[in-house]
Amino acid sequence: MTVSFGTDASVSPGSLGALVTDPEFWAGDPYPTLARLRREAPVCRSAVPGLWVVSRYRDVVAVSRDPATFCSSRGVLPMDMERDLPEVPGALLYVDPPEHGRYRRLVNPLFSTARVRRLEGTSRARARALLAAITPGETVDVVSALAVPYPLQVIADLLGIPADEWPRYAVWTDHMVAAASGVTPDTARVLAEMSDFFLALVAARRDGGGDDLVSTLAQARLDGAPLGDGELMMFFGQLLVAGNETTRNLISGGLVALAEHPDEWSRLAADPGVVPRAVEELLRWTSPVISFMRTATRPALVGGVEVGAGDRLLLLYPSANRDEAVFGPDAERLDVGRHPNPHVAFGYGEHVCLGAALARLEARVFLEELLGRFRLLEPAGKPERRASEVIAGIRRAPLRFVA
Ligand code: HEM
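Scoring rules and cut-offs
Residues numbered from 1 in each chain as written. Predicted model: local features only at pLDDT ≥ 70, side-chain atom pairs only at ≥ 80, totals over all residues. Heavy atoms only, no water. pLDDT = per-residue confidence, 0-100. Contact = heavy atoms within 4.5 Å. Donors = N, O, S within 2.8 Å, 3.2 Å for Na, K, Ca; no water. Helix = DSSP H or I, 4+ residues; strand = E, 2+ residues; numbered from the N terminus. Salt bridge = Lys/Arg side-chain N within 4 Å of Asp/Glu carboxyl O. Buried < 20%, exposed > 50% of the residue type's maximum accessible area, 1.4 Å probe, protein only. Core = buried A, V, L, I, M, F, W, Y, C linked by side-chain atoms within 4.5 Å. Near = heavy atom within 4 Å. Polar contact = N/O pair within 3.5 Å; in protein donor to acceptor, adjacent residues only side chain to side chain. Nonpolar A, V, L, I, M, F, W, Y, C, P; charged D, E, K, R; others polar.

Asker: Looking at this structure, how should I read the confidence of the model for the protein?
Answerer: Regions with low pLDDT should not have their predicted coordinates read in detail. Residues at a pLDDT of 70 or more form 97% of the protein, whose mean pLDDT is 92. This stretch, residues 1-6, has a pLDDT under 50; its non-local contacts, to residues over four places away or in other chains, come to 8 contacts.

Asker: Mind showing me how you'd approach the coordination of the iron atom of the ligand here?
Answerer: For a metal with four tetrahedral donors the ideal donor-metal-donor angle is 109.5 degrees, whereas six octahedral donors ideally subtend 90 or 180 degrees. For the iron atom of the ligand, the protein supplies a single donor, C353 (SG), at a distance of 2.3 Å. Along the chain, C353 turns up in the loop between α17 (324-327) and α18 (356-373).

Asker: Got a minute to help me understand the pattern of salt bridges in this structure?
Answerer: Oppositely charged side chains are able to pair whenever their charged atoms sit close together. Following the criterion strictly, the structure yields 30 salt bridges and no others. Among the ionic pairs, E245 bridges to R386, the shortest N-O distance being 3.1 Å. In this pair, E245 is assigned in helix α13 (residues 245-260) and R386 in the loop between β12 (384-385) and β13 (394-396), connecting sequence segments 141 residues apart. Accessibility expressed as a relative area gives 9% for E245, which makes it buried. Note that R338 and E281 form a salt bridge whose closest N and O atoms lie 3.1 Å from each other.

Asker: Explain the side chain of T173 here, please?
Answerer: For T173, the location among the structural elements is in helix α9 (residues 166-179). Owing to a relative accessible area of 2%, T173 belongs among the buried residues under this scheme.

Asker: Teacher, can you tell me more about unusual backbone geometry here?
Answerer: Apart from glycine, the bulk of residues carry a negative phi angle, and the bulk of peptide bonds sit in the trans form. The residue after P97, namely P98, is reached through a cis peptide bond having omega 5°. Turning to its location among the elements, P98 is positioned in the loop between β3 (70-71) and α4 (99-107). The linkage connecting H339 with the following residue, P340, adopts the cis geometry, with an omega of -5°. In this structure, S287 is a non-glycine residue whose phi angle is positive, near 35°. Inspection of the secondary structure assignment puts S287 in the loop between α15 (275-286) and β7 (291-296).

Asker: Help me out: how do you make sense of the nonpolar core in this one?
Answerer: One finds F198, L217 and F401 to be the most contacted residues of the largest nonpolar core, which totals 87 residues. Residue contributions to this core peak at 11 residues, all from α18. Among all residues touching L217, those that are not within four sequence positions of it are L106, V107, L110, L227, L232, F235 and F236. Counting 25 residues, the second largest nonpolar core, distinct from the first, contains V43, V76, L77 and V302.

Asker: Would you mind showing me how to read the environment of V344 here?
Answerer: Inspection of the secondary structure puts V344 in the loop between α17 and α18. Overall, V344 belongs to the buried group, its relative accessible area being 1%. Separated by 24 residues in the primary sequence, V344 and A320 place their C-alpha atoms 7.2 Å from one another. The contacts of V344, once residues within four sequence positions are left out, are Y57, V61, Y317, A320 and N321.

Asker: How should the site of the ligand be read in this particular structure?
Answerer: Not every one of the 26 residues close to the ligand is listed here, only the nearest: H100, R104, R294, H351 and C353. One of the side-chain N or O atoms of H100 is found 2.5 Å from an oxygen atom in the ligand. A distance of 2.6 Å is found between an oxygen atom of the ligand and a side-chain nitrogen or oxygen belonging to H351. The set of elements that each furnish at least two residues to the shell around the ligand consists of α4, α12 (229-242), α13, β7 and α18. Tallied by class, the residues present in the shell around the ligand amount to 17 nonpolar, 7 polar and 2 charged.

As structure tokens, then:
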């Protein structure tokens, strides 16, 4: 069945919010409907009882900067509304202040811009090797050839685990994502394998003095005590999942965007100094995370609309990132030199992305290597988008690289 989502007047403003909680909505072109939402129903009810949709930049920011009123501990994904949340210590996304700050302070230094810069050499080598395997003129699925292996290899380097085993880590992360909606015997087996792998590494590196991430966390102290196995596993699992699919879709979505906008590619090719701004623009443009959720801890006003205690709010990052009130009349245009560019692709406030510096480094290095090797990118078929209201996923994207 083909699902079509009206952007015309036949969909009343009151029904617009119902569209966005349907994963299929995100597999098409959501932007005309998001523009209508911002204009006509910026804070509105969704099809899910008790779940509001927040689409304007200023409201997304206002909710994100007030974790006392809009908490994360009652779930951050719509599917969390239907399940009991496991009480796992250290699950950053699900912890509220002040507890959240204790864990964040522990890991923030490991992801600082200076620390992450140490990965530049190996990341460049990874990008170069993947791009070297591409034959100019041939049609390539950039998702499987580039966007899947690259972030997994970089995270492996960060953790200090063998990067050539990335297909194994891909299986682990897929099962971790699947486990969020229910644990099957197969998922349980794969997650046990992952847990055994990391706990053996931790045991081997507790006294080793290495400075990779596993060694650092294995030797870390929280209030004077070493981290427990559960906390360590939660950190490693989060890093693998959070740092993998997100960056994957920035790379694949970014490549598709540049292939579809040859003028913007030419601007970049003519002046590689624009690359850091292009990275920000591709983050804004692709918004790899579609939404995270918050729960109101008390009655509150959001964008002038009254929400009750216990109500949920779905923050739509792709919509905030195209908000004309912030990005001007050309908000719907890809502009690789855009500046300033205060996008919220990494979220905002207390839970702002821990891996932002790493993702920026990965994307910059990748673009620099790409521009150094190829003259042009061309679309070679329609990209297949994934139906998900959480991750702006691309399953397959055929492109041609011109030398
Ligand atoms: C383009 C790539 C990425 C995007 C678009 C992205 C997006 C986001 C967003 C929107 C949040 C906010 C969550 C919230 O407010 O509830 C977040 C949090 C987080 N991200 Fe990323 N992320 C990316 C890459 C990474 C990488 C590479 C890592 C680590 C290796 C990472 C680890 C995390 C963690 C641990 C959190 C939770 C932080 C907290 O709750 O304090 N992310 N990310």
